[in-house]
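Structural characterization, general
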Amino acid sequence: IFEMAEAIDTSDKLPKEPVYELPADAKFSLLLVEDHKMNQIVARKTLERKWNNIDITIAEDGQAALNLLHENTYDVVLMDIQMPVMDGYEATKIIRETFPPDRAKMIILAMTAHAHVAKDGKYKDYGMDDFVLKPFEPDDLFQKISKYVKLH
């Protein structure tokens, strides 16, 4: 004989992730490292709708990102993991190990379609700060960016 377990409301007992919110007029720079044109367009439009003063630069692969990072600093980097020429892991490792401290410490968020990469924390082994799953939920993307971007 099976008895129905009584439903227990645990919603108030679970620790809630704090909600981070950058103002719509926040001014910050973002480097989007992504090889697919459509993903570039979607990400740019989504981010520009949320923050009207965001400055987005696009790099098509990890090597292009490194070239840009030798010349510029960004408040946050969205780094795709799987790309031709140089993947996001390799590019992040080079940034963390060889760049001057101000650039070596910048926030790098992994973008991946593979949930296991996020679950096993592999992105951390390469020095990435956090991750966003693709296709991204806009609110998840906004939360992650808002959590890490420090306004000047």
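Just so you know, these numbers come straight off a predicted model, no measurement behind them.

1. With respect to the packing of aromatic side chains
Taken as a whole, this structure holds 4 aromatic pairs when the rule is applied. Both rings, one in tryptophan 51 and one in phenylalanine 142, keep their centres 5.5 Å apart while their planes meet at 75°; by these two values the pair is edge-to-face. Of this pair, tryptophan 51 sits in the loop between helix 1 (37-50) and strand 2 (55-59) while phenylalanine 142 sits in helix 7 (residues 138-148), and the two are 91 residues apart along the sequence. Side by side, tryptophan 51 and phenylalanine 142 carry an identical accessibility label, which is buried. For the pair tyrosine 89 and tyrosine 126, a centre-to-centre distance of 4.0 Å together with 20° between the ring planes defines the contact as stacked. Linking tyrosine 89 in helix 3 (residues 88-98) with tyrosine 126 in the loop between helix 6 (122-125) and strand 5 (130-133), this pair joins segments that are 37 residues apart in sequence.

2. Side note on the packing of helix 2 (residues 62-71) against helix 3
Running from amino to carboxyl end, helix 2 crosses helix 3 at an angle of 25°, the nearest separation of the two axes being 8 Å. In terms of orientation, helix 2 lies roughly parallel with respect to helix 3. For the element pair helix 2 and helix 3, the recorded crossing hand is right-handed. For the pair formed by helix 2 and helix 3, the contact residues are Gly62, Leu66 and Leu69 on the first element and Ala91, Ile94 and Ile95 on the second. Along the lines of polarity and charge, the residues of the contact of helix 2 with helix 3 split into 5 nonpolar, 1 polar and no charged.

Definitions and cut-offs
- Residues numbered from 1 in each chain as written.
- Predicted model: local features only at pLDDT ≥ 70, side-chain atom pairs only at ≥ 80, totals over all residues.
- Heavy atoms only, no water.
- Phe/Tyr/Trp six-rings, centres within 6.5 Å; stacked < 30°, edge-to-face > 60°.
- Helix = DSSP H or I, 4+ residues; strand = E, 2+ residues; numbered from the N terminus.
- Buried < 20%, exposed > 50% of the residue type's maximum accessible area, 1.4 Å probe, protein only.
- Axes fitted to C-alpha atoms, helices over the stretch in contact; angles between N-to-C directions.
- Parallel < 35°, antiparallel > 145°, perpendicular 65-115°, else oblique.
- Left-handed = near helix turned anticlockwise from the far one by under 90°.
- Contact = heavy atoms within 4.5 Å.
- Nonpolar A, V, L, I, M, F, W, Y, C, P; charged D, E, K, R; others polar.

Everything listed here is a matter of geometry and, on its own, says nothing about what the molecule does.
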